[in-house]
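Tertiary structure, described
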Amino acid sequence: MGQKILIVEDNELNLRLFCDLLRAHGFEVEPVRDGRQALERARAFEPELVVMDIQMPHISGLELIEQMKQEEALAPVPVLAVTAYAAKGDEERIRDAGAEGYVSKPISVMKFVESVRALLPAEEDAAPEGQLL
């Protein structure tokens, strides 16, 4: 089974795109449409990465990132912010909230997948040197 990624995105088309894209690359994904459920789902799913939309109804992705980083179990989980915010200072503000990565919308598929992989630990599927798998 692939590495676990929680996707927090209120837009159905974007959510489907992210899920399909990541599943096609061998990841196990857990979609969350309502940011108010994100922390509870993160605790239960125990993801290795969170892909977080910033502009959502009810609660912003920035608030969710800050809340995650205050919880002992969730703080080490890297966050990739995905947002239409591309104004000067937005990336800095998002990183200051605790996001380790940032991709602006509309996404480049290759850049998105590269950003996801860059934030995940290397999978331990290779055998130590001299051993067969």
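Residues numbered from 1 in each chain as written. Predicted model: local features only at pLDDT ≥ 70, side-chain atom pairs only at ≥ 80, totals over all residues. Heavy atoms only, no water.

With that settled, the discussion passes to helix α5 (residues 109–119). Within α5, burial applies to Phe112, Val113, Ser115, Val116 and Leu119. Looking down the long axis of α5, one finds its buried residues gathered within 160° of arc, a one-sided arrangement. Opposite its buried face, α5 presents the exposed residues Met110, Glu114 and Ala118, each directed more than 90 degrees away. Buried-residue contacts for α5 involve β1 (4–8), α1 (12–24), β3 (49–53), β4 (79–83) and β5 (101–104). (Buried < 20%, exposed > 50% of the residue type's maximum accessible area, 1.4 Å probe, protein only. Helix = DSSP H or I, 4+ residues; strand = E, 2+ residues; numbered from the N terminus. Arc of directions from axis to C-beta. Contact = heavy atoms within 4.5 Å.)

In this section: the sheet that holds strand β2 (residues 28–32). Strand order in the open sheet formed by five strands is β2-β1-β3-β4-β5, and the pairing between neighbours is parallel. Where the open sheet ends on each side, the last strands, each with one partner, are β2 and β5. Averaged over all adjacent pairs, the angle separating strand axes in this sheet is 20°, with direction ignored. Pairing between β3 and β4: four bridges, direction parallel. (Pairing = 2+ DSSP bridges. Axes fitted to C-alpha atoms, helices over the stretch in contact; angles between N-to-C directions.)

Moving on: unusual backbone geometry. In this structure, the amide linkage connecting Lys105 to the following residue, Pro106, adopts the cis form with an omega of -5°. Among the structural elements, Pro106 can be located in the loop between β5 and α5. Positive phi, close to 75°, is recorded for His58, a residue that is not glycine. For His58, a relative accessible area of 58% puts it in the exposed group.

According to the stated counting rule, one finds one aromatic pair in the structure shown. Both rings, one in Phe18 and one in Phe112, keep their centres 4.9 Å apart while their planes meet at 20°; by these two values the pair is stacked. Of the two residues, Phe18 sits in helix α1 while Phe112 sits in helix α5, which places them 94 residues apart along the sequence. When its relative accessible area of 1% is taken as the criterion, Phe18 is described as buried. Its relative accessible area of 0% is what places Phe112 among the buried residues. (Phe/Tyr/Trp six-rings, centres within 6.5 Å; stacked < 30°, edge-to-face > 60°.)

This is a description of form; function is not addressed.
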